Amino acid sequence: MRVRIPDWAKQDEPREGLTLGKRQIGIGLVGSGFMGRCHANAFRTVSGLFDVPFDPKLTILADATDDLARDGAQALGFERFTSDWQALVDDPGVGIVAITAPNVLHAPISLAAIAAGKTVYCEKPLSTTATLALEMTQAAEAAGITTMVGFNFLRNPMIRLAREIITSGEIGEITGVRGRHAENYMASPDAPHSFRTDPAGGGALADIGSHIISMLRYLLGPIAEVHADCRTIFPTRPVAPTSPERAPVKVDDMTHALLRFENGAAGSIEANWAATARTMDLSWEITGTRGALAFSQEAMNELRLWSGIPGRNGYTRIEAEPAHSPYGAFCPAPGHHLGFNDLKVIEVAELLAAHAGAPNPGPDFREALEVQRCIEAMQKSARTGSWVAL
Ligand SMILES: NC(=O)c1ccc[n+]([C@@H]2O[C@H](COP(=O)([O-])OP(=O)(O)OC[C@H]3O[C@@H](n4cnc5c(N)ncnc54)[C@H](O)[C@@H]3O)[C@@H](O)[C@H]2O)c1
């Protein structure tokens, strides 16, 4: 049986060769914070919007303590809870393990889930080091496990449209790119330490730089070499919210990097979580020999295209609409706009199709490994003051 996609949703072509029934798939979710809520919402919502091969069943939620797990399970609609993520992984009712716990837990939980034969849906960054990310990737590939990593911003129909425009040659040969992921959530020196400032896998580059790296790889292909500067803006932060005690910051608050792509394009990125005034500026401008494109997640339903018609100088604003699949799965009317959580719903629809045997659109662990390698290359460059090849 094929995955049926409703015409009105203007989905991609139906995928061939699947043996599917409308079955339930048990979801084991680790973590019930910001991303845990987002994942749970996506799993609850997806069947009502997409003709997915499995109906997700919110089976078991794991969190750090029994109290957190119980409260999280109740709030997010899970049948059961546990404070032992290994029990979640081993649970026979769980087919997909979704990991929204702090970065240091991504590797051990993923490796355990792979060993148990479960599909793994892991948040970004894939891990804390490229070595661990490689181990995770090799384990998944050796076991034939479906993996997906939460680079949800790639699911935006405007980003897909940008890639189509670039690969069609419409804006010519790509020569330059300027990318940025800037937010202000650590802009106060009193924003406390958390897993995000853990020297093991933390820092602005890993936390949000991973998003702009993954997006530029999606749009322009592999990065050949990098030259970076990583900076800590605030030397200390409170050890916990409202605590008077402060501890040194050992990760970057802000990274700038020059990039050279394998396709010959060159440019720069900035990762900055202390960017006063910015809330979600995951943005880029890409210039080609015949045109240019620009995007910011702060206006995520818009793509700007410069096509250089004489007398019509300036960017044209393209607004998201049902013609941009899968916008139509959410709304039949232009201008009504998708939101952040909708990107996760799209991601989960693709995860469920991949779990059922459809070609995995990724980013899978191997692609996320390349992002991790890029992060490490930038950190190495900042330490050595030289270009680092990937
Ligand atoms: N894709 C995105 O857009 C996006 C956005 C934000 C965060 N993230 C990623 O999601 C992950 C979580 O980030 P967050 O913002 O949700 O953090 P968070 O602090 O809000 O949530 C983390 C959750 O993990 C739980 N946890 C901690 N230790 C645990 C343990 N031993 N066992 C089980 N659960 C445990 C915490 O109690 C909490 O519920 C990170 O890897 C982060 O990089 C991705």
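Residues numbered from 1 in each chain as written. Predicted model: local features only at pLDDT ≥ 70, side-chain atom pairs only at ≥ 80, totals over all residues.

Caption draft 1: Looking closely at the site of the ligand. Around the ligand there are 22 residues in total, and G31, G33, F34, M35 and E123 lie nearest to it. The greatest single-element share of the shell around the ligand, amounting to 3 residues, is contributed by helix α1 (residues 34-49). (Near = placed C-beta within 6 Å. Helix = DSSP H or I, 4+ residues; strand = E, 2+ residues; numbered from the N terminus.)

Caption draft 2: Focus on the pairing of strand β8 (residues 223-231). In this sheet, strand β11 (residues 254-261) lies alongside β8 in antiparallel orientation, the contact comprising 8 bridges. Pairing of I223 across the sheet is with F261, part of β11. Pairing of β8 with strand β17 (residues 388-389) involves 2 bridges; the strand directions are antiparallel. Counted as the bridge partner of V226 is V388 from β17. (Pairing = 2+ DSSP bridges.)

Caption draft 3: Quick look at the environment of T129. Within the secondary structure, T129 is located in the loop between β5 (119-122) and α5 (130-143). For the pair T129 and Q372, spaced 243 residues apart in sequence, the C-alpha to C-alpha distance is 6.9 Å.

Caption draft 4: Expanded view of α1. With 16 residues, α1 ought to run about 22 Å at 1.5 Å a step, and its terminal C-alpha atoms sit 22 Å apart, in line with that. Where α1 bends most, at F43, the angle is about 30 degrees. G36, C38, H39, A40, A42, F43 and V46 are the residues of α1 that are buried. In this structure, the buried side of α1 is in contact with β1 (23-30), β2 (54-62), α2 (66-76), β4 (96-99) and α9 (340-355). (Expected span 1.5 Å × (residues − 1). Bend = angle between axes of the 7 residues up to and from the residue. Buried ≥ 20, exposed ≤ 12 C-beta atoms within 10 Å, placed from the backbone. Contact = placed C-beta atoms within 7 Å.)

Caption draft 5: Just helix α10 (residues 365-384), in detail. Its 20 residues place the ends of α10 28 Å apart at the C-alpha level, agreeing with the 28 Å of an ideal helix rising 1.5 Å per residue. Count one or two residues on from α10 and you reach G385, which has phi positive near 70 degrees.

Caption draft 6: Structural context of the environment of R23. Mapped onto the secondary structure, R23 falls in strand β1. The exposure class of R23 is exposed, given the 11 C-beta atoms found within 10 Å. Residues R23 and A274, spaced 251 residues apart in sequence, show a C-alpha to C-alpha distance of 45 Å.

Caption draft 7: Looking closely at the confidence of the model for the protein. Confidence in the prediction of the protein, expressed as mean pLDDT, is 94, and 94% of residues score 70 or more. With pLDDT under 50 throughout, residues 1-21 is counted as low confidence; its partners more than four residues away or in other chains account for 42 contacts. (pLDDT = per-residue confidence, 0-100.)

Caption draft 8: Structural context of the sheet that holds β1. Strand order across the open sheet formed by 6 strands is β3-β2-β1-β4-β5-β6, with parallel pairing between neighbours. Two strands lie at the open edges of the sheet, namely β3 (80-82) and β6 (147-149), each paired on one side alone. When the angles between neighbouring strand axes are averaged without regard to direction, this sheet yields 25 degrees. In the sheet, β1 pairs with β2 via 8 bridges, with the strands oriented parallel. Within β2, the position partnered with I25 by the bridge is P56. Where α1 meets the sheet, it contacts β1, β2 and β4, and its direction lies at approximately 155 degrees from that of β2. (Axes fitted to C-alpha atoms, helices over the stretch in contact; angles between N-to-C directions.)

Caption draft 9: A look at the sheet that holds strand β15 (residues 302-306). Strand order across the open sheet formed by 9 strands is β16-β15-β14-β13-β7-β12-β11-β8-β17, with mixed pairing between neighbours. Taken across any chain shown, the strands that pair with only one partner, and hence form the sheet edges, are β16 (316-319) and β17. Strand direction decides the pairing type here: strand β13 (residues 281-288) and strand β14 (residues 292-296), joined by 5 bridges, are antiparallel. From the neighbouring strand, T287 faces β14, where its bridge partner is A292. Helix α7 (residues 204-220) rests against β7 (174-182), β8, β11, β12 (266-272) and β13 of the sheet, and its axis sits at about 150 degrees to β7. Of the strands in this sheet, β8, β11 and β17 touch α10, which is tilted by about 55 degrees from β8.

Caption draft 10: Main features of the domain arrangement of the protein. The domain boundaries assigned to the protein delineate domain 1 (7-152) and domain 2 (157-299 + 301-336 + 363-389). One C-alpha centre belongs to domain 1, the other to domain 2; they are set 25 Å apart. Counting residues at the interface gives 25 residues for domain 1 and 28 residues for domain 2. The set of elements that each furnish at least two residues to the side of domain 1 that touches domain 2 consists of α5 and β6. Residue contributions to the side of domain 1 that touches domain 2 peak at 6 residues, all from α5. For the side of domain 1 that touches domain 2, the per-class residue count stands at 16 nonpolar, 6 polar and 3 charged. (Domains from an automatic or database assignment. Nonpolar A, V, L, I, M, F, W, Y, C, P; charged D, E, K, R; others polar.)

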